[in-house]
Amino acid sequence: MRRVSKIVAAGIATAALTLSLSACGESSTESGGKDKGVGLAFDVGGRDDHSFNEAAARGVDKAEKDLGVQSKLMTAKNGETEADREQRLSSLAEAGYNPVIGVGFNYGKSVNKVAKDFPDTTFGVVDSPSEVKNVYGMVFAEHEGSYLAGVAAALKSKTHKVGFIGGVNNALIQKFQAGFEQGVKDTDPKAKVTSEYLYANDDKGFNDPAAAKGKAKGMLDGGIDVIYTAAGQSGNGSIETVAGKKGTWAIGVDSDQYLQPGLAQYKSSILTSVMKNVDVAVYDLVKSVHDKKPLTGNKAYTLKDNGVRLSTSGGFIDDIQAKIDAAKKKIASGDVKVSDTPAKQ
(Lines give C-alpha, C1' and ligand atoms only; values in the text may rest on other atoms or scores of the structure.)
Protein backbone atom coordinates (compact mmCIF):
# COMPACT_ATOMS: atom_id res chain seq x y z
CA MET A 1 0.00 0.00 0.00
CA ARG A 2 1.07 3.55 -0.66
CA ARG A 3 1.03 5.58 2.56
CA VAL A 4 0.44 9.28 2.58
CA SER A 5 2.56 11.17 5.10
CA LYS A 6 0.71 11.66 8.35
CA ILE A 7 -0.40 15.22 8.89
CA VAL A 8 -2.41 15.09 12.06
CA ALA A 9 -1.89 18.45 13.69
CA ALA A 10 -2.71 18.79 17.34
CA GLY A 11 -6.08 20.29 17.58
CA ILE A 12 -7.53 18.67 14.46
CA ALA A 13 -11.05 18.12 15.54
CA THR A 14 -13.96 17.26 13.49
CA ALA A 15 -17.69 17.47 13.27
CA ALA A 16 -19.86 14.94 14.93
CA LEU A 17 -22.42 14.07 12.34
CA THR A 18 -24.80 11.43 13.55
CA LEU A 19 -25.94 8.51 11.42
CA SER A 20 -28.56 5.82 11.95
CA LEU A 21 -28.73 2.10 11.49
CA SER A 22 -31.54 2.33 8.99
CA ALA A 23 -30.50 3.26 5.48
CA CYS A 24 -33.07 5.99 5.09
CA GLY A 25 -33.09 7.19 1.52
CA GLU A 26 -30.66 4.45 0.48
CA SER A 27 -29.76 4.14 -3.16
CA SER A 28 -27.72 1.48 -4.89
CA THR A 29 -26.18 0.76 -8.25
CA GLU A 30 -24.28 -2.27 -7.05
CA SER A 31 -22.88 -4.89 -9.39
CA GLY A 32 -22.17 -8.55 -8.90
CA GLY A 33 -18.86 -10.05 -7.84
CA LYS A 34 -16.58 -9.53 -4.89
CA ASP A 35 -15.62 -5.92 -5.67
CA LYS A 36 -18.92 -4.07 -5.88
CA GLY A 37 -17.44 -0.58 -5.91
CA VAL A 38 -17.56 2.19 -3.34
CA GLY A 39 -19.78 2.12 -0.26
CA LEU A 40 -20.52 5.58 1.14
CA ALA A 41 -22.25 6.26 4.45
CA PHE A 42 -23.68 9.78 4.51
CA ASP A 43 -24.12 12.06 7.44
CA VAL A 44 -27.59 13.26 8.49
CA GLY A 45 -29.38 15.10 5.72
CA GLY A 46 -28.22 12.80 2.93
CA ARG A 47 -26.75 13.75 -0.40
CA ASP A 48 -29.31 16.46 -1.02
CA ASP A 49 -28.21 18.67 1.88
CA HIS A 50 -26.68 21.09 -0.69
CA SER A 51 -23.56 21.18 1.47
CA PHE A 52 -21.25 18.62 3.12
CA ASN A 53 -22.85 15.36 1.98
CA GLU A 54 -23.41 16.74 -1.50
CA ALA A 55 -19.68 17.39 -1.78
CA ALA A 56 -18.89 13.75 -0.93
CA ALA A 57 -21.52 12.56 -3.41
CA ARG A 58 -19.89 14.52 -6.21
CA GLY A 59 -16.70 12.56 -5.63
CA VAL A 60 -18.59 9.30 -6.05
CA ASP A 61 -20.41 10.62 -9.13
CA LYS A 62 -17.08 11.50 -10.74
CA ALA A 63 -15.67 8.06 -9.93
CA GLU A 64 -18.69 6.38 -11.51
CA LYS A 65 -18.29 8.50 -14.65
CA ASP A 66 -14.49 8.39 -15.00
CA LEU A 67 -13.68 4.96 -13.60
CA GLY A 68 -16.85 2.99 -14.20
CA VAL A 69 -17.15 1.97 -10.55
CA GLN A 70 -20.50 1.19 -8.94
CA SER A 71 -21.71 2.54 -5.61
CA LYS A 72 -24.03 2.08 -2.68
CA LEU A 73 -25.07 5.19 -0.78
CA MET A 74 -26.57 5.02 2.70
CA THR A 75 -28.19 7.93 4.50
CA ALA A 76 -28.70 8.51 8.18
CA LYS A 77 -31.11 10.12 10.59
CA ASN A 78 -30.77 11.77 13.97
CA GLY A 79 -29.97 9.86 17.15
CA GLU A 80 -27.55 7.06 16.39
CA THR A 81 -25.29 4.88 18.54
CA GLU A 82 -21.73 3.78 17.91
CA ALA A 83 -23.03 0.26 17.33
CA ASP A 84 -25.33 1.54 14.58
CA ARG A 85 -22.43 3.10 12.74
CA GLU A 86 -20.29 0.01 13.13
CA GLN A 87 -23.03 -2.22 11.75
CA ARG A 88 -23.57 0.02 8.73
CA LEU A 89 -19.89 0.02 7.86
CA SER A 90 -19.60 -3.73 8.44
CA SER A 91 -22.57 -4.42 6.19
CA LEU A 92 -20.96 -2.48 3.35
CA ALA A 93 -17.62 -4.28 3.77
CA GLU A 94 -19.27 -7.69 4.06
CA ALA A 95 -21.21 -7.00 0.85
CA GLY A 96 -17.94 -6.46 -1.01
CA TYR A 97 -17.73 -2.69 -1.28
CA ASN A 98 -14.20 -1.30 -1.40
CA PRO A 99 -13.47 1.38 -0.37
CA VAL A 100 -15.97 1.95 2.43
CA ILE A 101 -16.19 5.62 3.40
CA GLY A 102 -17.78 7.30 6.40
CA VAL A 103 -18.72 10.96 5.92
CA GLY A 104 -18.27 12.94 9.11
CA PHE A 105 -16.35 12.94 12.37
CA ASN A 106 -18.69 10.60 14.22
CA TYR A 107 -17.45 7.84 11.95
CA GLY A 108 -13.91 8.25 13.25
CA LYS A 109 -14.08 5.59 15.96
CA SER A 110 -16.31 3.19 14.05
CA VAL A 111 -14.25 3.29 10.85
CA ASN A 112 -11.01 2.65 12.70
CA LYS A 113 -12.61 -0.17 14.70
CA VAL A 114 -14.40 -1.94 11.82
CA ALA A 115 -11.36 -1.64 9.54
CA LYS A 116 -9.47 -4.05 11.80
CA ASP A 117 -12.05 -6.73 11.02
CA PHE A 118 -11.66 -6.26 7.25
CA PRO A 119 -7.91 -5.93 6.60
CA ASP A 120 -8.32 -6.48 2.85
CA THR A 121 -10.78 -3.59 2.52
CA THR A 122 -9.69 0.05 2.38
CA PHE A 123 -11.70 2.41 4.56
CA GLY A 124 -11.90 6.18 4.48
CA VAL A 125 -13.23 8.76 6.90
CA VAL A 126 -13.89 12.42 6.21
CA ASP A 127 -12.99 14.87 9.00
CA SER A 128 -11.24 12.34 11.22
CA PRO A 129 -7.72 10.85 11.30
CA SER A 130 -6.62 7.33 10.47
CA GLU A 131 -5.48 5.10 13.32
CA VAL A 132 -5.37 1.80 11.43
CA LYS A 133 -3.15 0.78 8.50
CA ASN A 134 -6.03 0.27 6.03
CA VAL A 135 -7.77 3.60 6.78
CA TYR A 136 -7.37 6.89 4.91
CA GLY A 137 -8.11 9.97 7.03
CA MET A 138 -9.23 13.06 5.12
CA VAL A 139 -8.98 16.26 7.15
CA PHE A 140 -9.36 19.88 6.09
CA ALA A 141 -8.14 23.34 7.06
CA GLU A 142 -11.63 24.74 7.56
CA HIS A 143 -10.26 27.61 9.63
CA GLU A 144 -8.14 28.84 6.72
CA GLY A 145 -11.03 28.91 4.26
CA SER A 146 -13.20 30.57 6.90
CA TYR A 147 -10.58 33.28 7.36
CA LEU A 148 -11.11 34.29 3.73
CA ALA A 149 -14.86 34.32 4.34
CA GLY A 150 -14.20 36.71 7.22
CA VAL A 151 -12.20 38.98 4.92
CA ALA A 152 -15.07 39.01 2.42
CA ALA A 153 -17.68 39.62 5.12
CA ALA A 154 -15.77 42.54 6.60
CA LEU A 155 -15.29 44.17 3.21
CA LYS A 156 -18.93 43.74 2.18
CA SER A 157 -20.67 44.66 5.41
CA LYS A 158 -22.24 48.11 5.48
CA THR A 159 -23.14 47.98 9.17
CA HIS A 160 -19.80 46.59 10.40
CA LYS A 161 -21.83 43.85 12.07
CA VAL A 162 -21.48 40.25 10.85
CA GLY A 163 -22.64 36.92 12.21
CA PHE A 164 -21.58 33.29 12.43
CA ILE A 165 -24.02 30.42 13.00
CA GLY A 166 -22.68 26.99 13.89
CA GLY A 167 -24.75 23.82 13.87
CA VAL A 168 -23.24 22.19 16.96
CA ASN A 169 -20.79 23.73 19.40
CA ASN A 170 -17.99 21.22 18.96
CA ALA A 171 -14.30 21.48 18.12
CA LEU A 172 -14.70 21.17 14.36
CA ILE A 173 -17.32 23.86 13.97
CA GLN A 174 -15.29 26.07 16.28
CA LYS A 175 -12.59 25.93 13.59
CA PHE A 176 -14.98 27.61 11.17
CA GLN A 177 -15.86 30.19 13.82
CA ALA A 178 -12.24 30.88 14.74
CA GLY A 179 -11.05 31.46 11.20
CA PHE A 180 -14.05 33.62 10.32
CA GLU A 181 -13.69 35.83 13.39
CA GLN A 182 -9.95 36.27 12.80
CA GLY A 183 -10.46 37.15 9.14
CA VAL A 184 -13.07 39.78 10.04
CA LYS A 185 -10.96 41.36 12.78
CA ASP A 186 -7.77 41.43 10.72
CA THR A 187 -9.68 43.20 7.94
CA ASP A 188 -11.87 45.55 9.95
CA PRO A 189 -10.82 45.87 13.62
CA LYS A 190 -13.96 47.93 14.36
CA ALA A 191 -16.33 45.24 13.09
CA LYS A 192 -18.44 43.29 15.56
CA VAL A 193 -18.77 39.54 15.11
CA THR A 194 -21.67 37.71 16.76
CA SER A 195 -21.19 33.93 16.90
CA GLU A 196 -24.01 31.64 17.99
CA TYR A 197 -24.79 27.91 17.84
CA LEU A 198 -28.02 26.06 17.16
CA TYR A 199 -27.27 23.27 19.64
CA ALA A 200 -24.62 22.69 22.29
CA ASN A 201 -24.11 18.96 21.70
CA ASP A 202 -26.99 17.59 19.63
CA ASP A 203 -26.21 16.62 16.05
CA LYS A 204 -29.70 17.72 15.08
CA GLY A 205 -27.94 21.04 14.63
CA PHE A 206 -26.87 19.83 11.20
CA ASN A 207 -30.42 18.96 10.18
CA ASP A 208 -32.68 21.70 11.55
CA PRO A 209 -33.24 24.50 8.98
CA ALA A 210 -36.04 25.96 11.09
CA ALA A 211 -33.67 26.60 13.99
CA ALA A 212 -31.21 28.32 11.64
CA LYS A 213 -34.02 30.47 10.25
CA GLY A 214 -34.82 31.74 13.72
CA LYS A 215 -31.21 32.37 14.61
CA ALA A 216 -30.59 34.27 11.37
CA LYS A 217 -33.70 36.40 11.82
CA GLY A 218 -32.51 37.46 15.25
CA MET A 219 -29.16 38.49 13.81
CA LEU A 220 -30.70 40.44 10.94
CA ASP A 221 -33.04 42.22 13.36
CA GLY A 222 -29.95 43.28 15.31
CA GLY A 223 -28.36 44.98 12.32
CA ILE A 224 -26.10 42.18 11.12
CA ASP A 225 -25.92 42.21 7.33
CA VAL A 226 -23.59 39.28 6.53
CA ILE A 227 -24.15 35.80 8.00
CA TYR A 228 -21.83 32.80 7.59
CA THR A 229 -23.45 29.50 8.54
CA ALA A 230 -21.57 26.22 9.11
CA ALA A 231 -24.38 23.82 9.94
CA GLY A 232 -24.87 21.36 7.10
CA GLN A 233 -28.47 21.17 5.92
CA SER A 234 -29.55 23.63 8.63
CA GLY A 235 -27.74 26.34 6.73
CA ASN A 236 -30.44 26.25 4.06
CA GLY A 237 -32.78 27.91 6.54
CA SER A 238 -30.30 30.65 7.26
CA ILE A 239 -29.75 31.35 3.56
CA GLU A 240 -33.52 31.53 2.97
CA THR A 241 -33.93 34.05 5.78
CA VAL A 242 -31.07 36.25 4.58
CA ALA A 243 -32.50 36.20 1.06
CA GLY A 244 -35.70 37.68 2.46
CA LYS A 245 -34.02 40.90 3.56
CA LYS A 246 -32.67 43.31 0.98
CA GLY A 247 -29.07 44.44 1.38
CA THR A 248 -27.87 41.41 3.33
CA TRP A 249 -25.58 38.55 2.38
CA ALA A 250 -25.30 34.85 3.21
CA ILE A 251 -22.02 32.94 3.05
CA GLY A 252 -22.38 29.26 2.21
CA VAL A 253 -20.28 26.31 3.31
CA ASP A 254 -18.71 23.06 2.06
CA SER A 255 -20.24 23.16 -1.45
CA ASP A 256 -20.63 26.13 -3.80
CA GLN A 257 -24.13 26.86 -2.59
CA TYR A 258 -24.74 29.43 -5.34
CA LEU A 259 -24.74 26.52 -7.78
CA GLN A 260 -27.02 24.21 -5.78
CA PRO A 261 -30.34 23.72 -7.65
CA GLY A 262 -32.25 23.49 -4.39
CA LEU A 263 -31.05 26.97 -3.39
CA ALA A 264 -31.39 28.59 -6.82
CA GLN A 265 -34.11 31.01 -5.74
CA TYR A 266 -31.77 32.45 -3.10
CA LYS A 267 -28.52 32.56 -5.08
CA SER A 268 -28.55 36.32 -5.59
CA SER A 269 -28.03 36.62 -1.83
CA ILE A 270 -25.17 34.10 -1.55
CA LEU A 271 -22.02 36.20 -1.46
CA THR A 272 -19.61 33.26 -1.63
CA SER A 273 -19.11 29.82 -0.09
CA VAL A 274 -16.25 28.28 1.85
CA MET A 275 -15.64 25.11 -0.11
CA LYS A 276 -14.08 21.97 1.34
CA ASN A 277 -12.94 19.74 -1.48
CA VAL A 278 -14.49 16.64 0.03
CA ASP A 279 -15.34 15.53 -3.50
CA VAL A 280 -11.65 15.61 -4.44
CA ALA A 281 -10.65 13.65 -1.35
CA VAL A 282 -13.32 10.99 -1.92
CA TYR A 283 -12.41 10.65 -5.57
CA ASP A 284 -8.70 10.39 -4.71
CA LEU A 285 -9.42 7.44 -2.45
CA VAL A 286 -11.77 5.63 -4.83
CA LYS A 287 -9.30 6.02 -7.70
CA SER A 288 -6.41 4.73 -5.59
CA VAL A 289 -8.34 1.55 -4.80
CA HIS A 290 -9.39 1.21 -8.43
CA ASP A 291 -5.72 1.52 -9.44
CA LYS A 292 -4.72 -1.15 -6.87
CA LYS A 293 -2.64 1.42 -4.97
CA PRO A 294 -4.92 2.24 -2.03
CA LEU A 295 -4.21 5.37 -0.08
CA THR A 296 -3.84 5.05 3.68
CA GLY A 297 -2.60 7.26 6.49
CA ASN A 298 -3.69 10.87 6.70
CA LYS A 299 -3.92 13.79 4.33
CA ALA A 300 -4.64 17.39 5.23
CA TYR A 301 -6.34 19.40 2.50
CA THR A 302 -5.22 22.99 3.10
CA LEU A 303 -5.68 26.44 1.61
CA LYS A 304 -2.18 26.32 0.14
CA ASP A 305 -3.04 23.31 -2.04
CA ASN A 306 -6.64 24.45 -2.71
CA GLY A 307 -8.05 21.84 -0.36
CA VAL A 308 -10.27 24.66 0.91
CA ARG A 309 -11.18 27.81 -1.01
CA LEU A 310 -13.76 30.50 -1.63
CA SER A 311 -16.21 30.16 -4.50
CA THR A 312 -16.53 33.02 -6.99
CA SER A 313 -19.89 32.11 -8.56
CA GLY A 314 -22.17 35.07 -9.11
CA GLY A 315 -19.29 37.52 -9.31
CA PHE A 316 -20.24 39.12 -5.99
CA ILE A 317 -16.67 39.16 -4.66
CA ASP A 318 -15.00 40.20 -7.91
CA ASP A 319 -14.50 43.73 -6.62
CA ILE A 320 -12.64 42.51 -3.53
CA GLN A 321 -10.88 39.52 -5.08
CA ALA A 322 -7.46 41.19 -4.98
CA LYS A 323 -7.68 41.64 -1.21
CA ILE A 324 -8.88 38.06 -0.76
CA ASP A 325 -5.99 36.79 -2.89
CA ALA A 326 -3.55 38.84 -0.82
CA ALA A 327 -4.90 37.27 2.37
CA LYS A 328 -4.66 33.79 0.85
CA LYS A 329 -1.04 34.41 -0.13
CA LYS A 330 -0.16 35.46 3.43
CA ILE A 331 -1.73 32.29 4.84
CA ALA A 332 -0.05 30.04 2.27
CA SER A 333 3.34 31.61 2.96
CA GLY A 334 2.94 31.35 6.71
CA ASP A 335 2.94 35.12 7.26
CA VAL A 336 -0.53 34.81 8.75
CA LYS A 337 -1.24 31.97 11.17
CA VAL A 338 -4.92 31.17 11.39
CA SER A 339 -6.11 29.90 14.76
CA ASP A 340 -8.27 26.80 14.84
CA THR A 341 -9.85 27.72 18.16
CA PRO A 342 -11.92 30.85 18.85
CA ALA A 343 -10.27 33.66 20.80
CA LYS A 344 -11.57 34.02 24.34
CA GLN A 345 -14.04 36.85 24.55
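Just above, that's the structure.
Quick caveat, the model's predicted, so the values are computed rather than measured.

A. Highlighting the pattern of salt bridges. Tallied over the entire structure, the rule returns 13 salt bridges. The partner of K276 in a salt bridge is D127, and the shortest N-O contact between them spans 3.0 Å. Of this pair, K276 sits in strand β12 (residues 270–276) while D127 is found in the loop between β6 (123–126) and β7 (135–140), placing the two residues 149 residues apart along the sequence. Both residues of the pair, K276 and D127, count as buried. The partner of K287 in a salt bridge is D291, and the shortest N-O contact between them spans 2.7 Å. Its relative accessible area of 34% is what places D291 among the partly exposed residues. The network of salt bridges with common partners includes D127, E142, K175 and K276.

B. Structural view of the packing of helix α1 (residues 52–67) against helix α8 (residues 278–290). For the pair α1 and α8, interaxial distance at closest approach is 7 Å and the crossing angle is 35 degrees. Of the two elements, α1 crosses α8, and the hand of that crossing is right-handed. Along the contact surface, α1 presents F52, A55, A56, R58, G59, V60, K62, A63, D66 and L67, while α8 presents V278, D279, V282, Y283, V286, K287 and H290. Split by residue class, the contact of α1 with α8 holds 10 nonpolar, 2 polar and 5 charged.

C. Representation of the pairing of strand β9 (residues 192–199) within the structure. Of the pairings in the sheet, the one linking strand β8 (residues 161–168) to β9 comprises 7 bridges and is parallel in character. Within the sheet, the bridge partner assigned to F164 lies in β9 and is S195. In this region the chain leaves β8, passes through helix α5 (residues 171–187) and returns to the parallel neighbour β9; the handedness of that crossover is right-handed.

D. Spotlight on the nonpolar core. Counting 65 residues, the largest nonpolar core has I101, M138 and F180 as the members making the most contacts within it. In this structure, M138 is in contact with I101, G124, V125, V126, D127, S128, A281, V282, L285, K299 and Y301, ignoring residues within four places of it in sequence. By size, the runner-up hydrophobic cluster in this structure holds 16 residues, among which are Y107, V111, A115 and V135.

E. Geometry of the side chain of T241. Within the secondary structure, T241 sits in helix α7 (residues 235–243). Contact partners of T241, with chain neighbours within four places excluded, come to K213, A216, K217 and L220.

F. Region of the structure containing helix α2 (residues 82–94). Compared with an ideal rise of 1.5 Å per residue, which puts 13 residues at 18 Å, α2 spans 18 Å between its outermost C-alpha atoms and is within 8% of the ideal. Every buried residue belonging to α2 is among D84, R85, E86, R88, L89, S90, L92 and A93, and all of these are buried.

G. View of the pairing of β6. Along β6, one buried face is formed by F123 and V125 and the opposite face, lined by G124 and V126, is buried too. Note that strand β5 (residues 97–103) and β6 share 4 bridges and pair parallel. Each bridged residue has a counterpart across the sheet, and for V103 the counterpart in β6 is V126. Taken together, β5, helix α3 (residues 107–114) and β6 constitute a β-α-β crossover, and its handedness is right-handed. Where β6 lies against β7, 4 bridges are found, and the strand directions are parallel. Residue pairing for β7: G124 is matched across the bridge by Y136.

Conventions adopted
Residue positions are given per chain, counting from 1 as you read along its sequence in written order. Two thresholds apply to this predicted model, a pLDDT of at least 70 for residue-level local features and 80 or more for giving and counting side-chain atom pairs, whereas whole-chain, interface and lining totals are computed over all residues. Side-chain metrics in this entry use all non-hydrogen atoms of the structure; hydrogen atoms and water are not considered. A pair is scored as a salt bridge if a Lys or Arg side-chain nitrogen falls within 4 Å of a carboxyl oxygen belonging to Asp or Glu. By definition, any uninterrupted DSSP run of H or I lasting at least four residues is a helix, any uninterrupted run of E lasting at least two residues is a strand, and each is numbered from the N terminus. Classification of residues uses two cut-offs on accessible area relative to the type maximum, computed with a 1.4 Å probe and protein chains only: under 20% is buried, over 50% is exposed, and between them is partly exposed. Axes, fitted as lines to C-alpha atoms, cover a helix only where it is in contact. Angles between the N-to-C directions of the axes lie from 0 to 180 degrees. Handedness of a crossing follows from how the near helix is turned relative to the far one, being left-handed for an anticlockwise turn of less than a right angle and right-handed for a clockwise one. Contacts were defined at the residue level, with two residues in contact if any of their heavy atoms lie within 4.5 Å. When residues are grouped by polarity, Ala, Val, Leu, Ile, Met, Phe, Trp, Tyr, Cys and Pro land in nonpolar, Asp, Glu, Lys and Arg in charged, and all others, Gly among them, in polar. By this definition, two strands are paired if DSSP reports at least two bridges between them. Here a crossover is taken to be right-handed if, once the strands point away from the viewer, the path from the first strand over the helix to the second is traced clockwise. Throughout, nonpolar core names a set of buried Ala, Val, Leu, Ile, Met, Phe, Trp, Tyr and Cys residues whose side chains join them through atoms within 4.5 Å. Under the convention used throughout, the expected extent of a helix is 1.5 Å for every residue step, that is, one less than its residue count.

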